[in-house]
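Here is how the chains run, residue by residue.
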Amino acid sequence: MTKKLQKKLNLIARSIAFTALGAVTLGVIWLGSFVMQKNSEYIAPSVVETNAEAEENIEIITGKDVENTQGLDEASNQEAMVLANTASDGAIICDSLVQGARDNDLPDGNYTFRVTGEINGGEISKDYPVELINFYDDVTYSLDGGQTSKTISLGDTTTEHKTLIVKYHKNLTIDEGVKVTATNVSNLTYKKGMYLCVMGELTNNGKISMTARGTYNQAGEDVYLWKDKSGNYEYVPASGASGMPAIQPYLTIGTWVNGKDGNNGTDRGTGSGGQGGLIQNGLNGATYSWMGASTGGTSYSGGNGSGGVVNTNGPANSQASVQASDNRGGNAYTYNSGAWVDWFAGGGAGIVGGNSSYYGSATSAGTDTKGQNGTGGLLVLYANSLTNEGTIESNGSNGAGANRAFGNSYGGATGGGGSRPEAQ
């Protein structure tokens, strides 16, 4: 059955998220009122096809070859640019990121969007570097003959940190089997979120995703998405849920502590990373093993998870040995003073996954060598109407598996936790 989502413009932040050990999730932000329309097909320009991933075809779509447009030079073969307000330094002054893209006709290029206004009794002036791509006709992303899947990767391949805004001036259709996401570079994401602005109808039968697209090496900041009719801002806060603290649980011989889910985000905030599990065995060090700290979420990324720990007859590990950092999941830790047992523990998920740890012959047990790369990234959608029979998501990645493969072997669970931003 067709699912229609109808909301007033000032009701945003419906989140599609889950909380589970081994996944870092960021809520999906919806903006727009929705009325049904009809689409036709359009073949997008500036498409580069590659088979970089064996399991799917990837099309990288960038803007037309326009240099930095801060100087407001005229771009050939594009619609005339209409500016509501421009600062002397070329920045586009706007009430919010959503309004700035929706109400200004700007050619493809790099801009600074300057959000100005008042919040909590104080004046704000916040600059956001933006990469803007336009499509002026109806767009349909579909499979080619013989394909079972395809990824449409939007945005350039630079390592500059900027918000990706893709404006569809008419209608956008995503067919089954097609995933639309932001471009990453060498498995790292430099886009500060992806905002799809559809002036007509958005019909999604495929997948719109910022899964594993948390921004690399980027501090959080308040992201002012929308100002409602009452002058109140809807925004993603710079900091989400706090990370899980390091703990040193008391364990007796042959016991364990399961990994823990990350803390949930609230009010559009992102969730923290999860905490890797701990297995303790042997007579020594039974009260001293540390479960590492995970990191909190930011406006552009869910948190990173800590690594798992397996310690038997060993001295205490340090907190730092398994804790997550701003850009990386925590490494795992194993120690065993008895050569007759094989141990392994998995690395935590993160923007870059942490390394797993092995003892004895456990490397042959088939466990993952590291936690998966990628946390949930910021995804913002605006449309005049939405029909969604597909998937809209921004999930994270799993910590490395720690399977019990031998009769006398154990593994420490790992993971990055999920977030659950509250729907507003």
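Trainee: Can you help me understand the sheet that holds strand S19 (residues 333-336) in this one?
Mentor: To summarise the sheet geometry, strands pair through backbone hydrogen bonds and adopt either a parallel or an antiparallel arrangement. Here we have four strands laid out as an open sheet, ordered S16-S17-S18-S19, and mixed in their pairing. Because the sheet does not close on itself, it has two edges, and the strands there are strand S16 (255-257) and S19. Neighbour-to-neighbour, the strand axes of the sheet open up by a mean angle of 10°, direction not taken into account. Taken together, the four bridges between strand S17 (residues 278-281) and strand S18 (residues 309-312) define a ladder with parallel strand orientation. Bridged to Leu278 within S18 is Val309.

Trainee: Can you walk me through the environment of Tyr128 in this structure?
Mentor: Along the chain, Tyr128 turns up in strand S6 (residues 122-135). Not counting chain neighbours up to four residues away, the residues in contact with Tyr128 comprise Leu97, Tyr111, Thr112, Phe113, Val115, Glu221, Asp222, Val223, Tyr224 and Tyr300. At a separation of 2.5 Å, a polar atom in the side chain of Tyr128 contacts the main-chain carbonyl oxygen of Asp222.

Trainee: What is the right way to look at the pairing of strand S8 (residues 150-154) in this model?
Mentor: On a regular strand, one side chain projects to one face of the sheet and the next to the other, so that they alternate. Taking burial as the measure, the five residues of S8 include five buried ones, the bulk of the element. Pairing analysis gives five bridges linking S8 to strand S11 (residues 178-182), with the strands arranged parallel. Within S11, the residue paired with Leu154 across the bridge is Ala182.

Trainee: Quick question: what am I supposed to make of the packing of aromatic side chains here?
Mentor: How two aromatic rings sit relative to each other is given by the distance of their centres and the angle of their planes. Within the structure shown, the criterion is met by five aromatic pairs. Their ring planes at 10° and their centres at 5.1 Å tell us that Phe135 and Tyr168 sit as a pair that is stacked. Taken as a pair, Phe135 in strand S6 and Tyr168 in strand S9 (residues 162-168) lie far apart in primary sequence, 33 residues in all. Pair check on accessibility: Phe135 and Tyr168 agree, each one buried. Note on Tyr190 and Tyr216: the rings are 5.8 Å apart at their centroids and 80° apart in plane angle, and the pair reads as edge-to-face. Taken together, the positions of Tyr190 in the loop between S11 and strand S12 (191-204) and Tyr216 in the loop between strand S13 (207-209) and strand S14 (223-227) put the pair 26 residues apart, joining distant regions of the chain. Assessed through its relative accessible area of 13%, Tyr190 is described here as buried. By the ring-pair criterion, three or more aromatic residues cluster together here, those being Phe135, Tyr141 and Tyr168.

Trainee: Looking at this model, I keep getting lost on unusual backbone geometry. Mind explaining?
Mentor: For residues other than glycine, phi is negative in most cases, and the peptide bonds are mostly trans. The backbone phi angle of Asn187 is positive, close to 65°, even though this residue is not glycine. Looking at the secondary structure, you find Asn187 in the loop between S11 and S12. A relative accessible area of 57% places Asn187 in the exposed class. Despite not being glycine, Asn217 shows a phi value in the positive range, around 55°. Within the secondary structure layout, Asn217 lies in the loop between S13 and S14.

Trainee: How should I be thinking about the pattern of salt bridges in this particular structure?
Mentor: In total, this model carries 15 salt bridges according to the counting rule given. For Asp156, the salt bridge identified is with Lys191, shortest N-O distance 2.6 Å. Here Lys191 lies in strand S12 and Asp156 lies in the loop between S8 and S9, a separation of 35 residues in the sequence. The pair Asp156 / Lys191 is uniform in exposure class, with both members buried. The network of salt bridges with shared partners includes Glu131, Asp156, Glu160, Lys162 and Lys191.

Here is what the cut-offs are and how they apply
The residue numbering used here restarts from 1 in each chain and proceeds along that chain's sequence as written. Totals for whole chains, interfaces and linings use all residues, but because this is a predicted model, local features are given only for residues with pLDDT of at least 70 and pairs of side-chain atoms are given and counted only at 80 or more. As a rule here, side-chain values cover all heavy atoms of the structure and leave hydrogens and water aside. Only strands that DSSP links by at least two bridges are regarded as paired with each other. Helix and strand assignments follow DSSP, with helices taken as H or I runs no shorter than four residues and strands as E runs no shorter than two, numbered in order from the N terminus. Between N-to-C directions, angles cover 0 to 180 degrees, with each direction set by a line fitted to C-alpha atoms, over the stretch in contact for helices. Note on contacts: a residue pair is in contact if any heavy atoms of the two residues lie within 4.5 Å. Under the rule applied, a polar contact is a pair of N or O atoms within 3.5 Å (in protein, one hydrogen donor and one hydrogen acceptor; residues adjacent in sequence only if both atoms are side-chain atoms). Exposure classes here rest on a 1.4 Å probe applied to the protein chains alone. A residue is buried below 20% of its type maximum, exposed above 50%, and partly exposed in between. Pairing of aromatic rings covers Phe, Tyr and the six-membered ring of Trp, with a centre-to-centre limit of 6.5 Å; geometry is then stacked below 30 degrees between planes, edge-to-face above 60, and tilted otherwise. Here, a salt bridge means any Lys or Arg side-chain nitrogen found within 4 Å of an Asp or Glu carboxyl oxygen.

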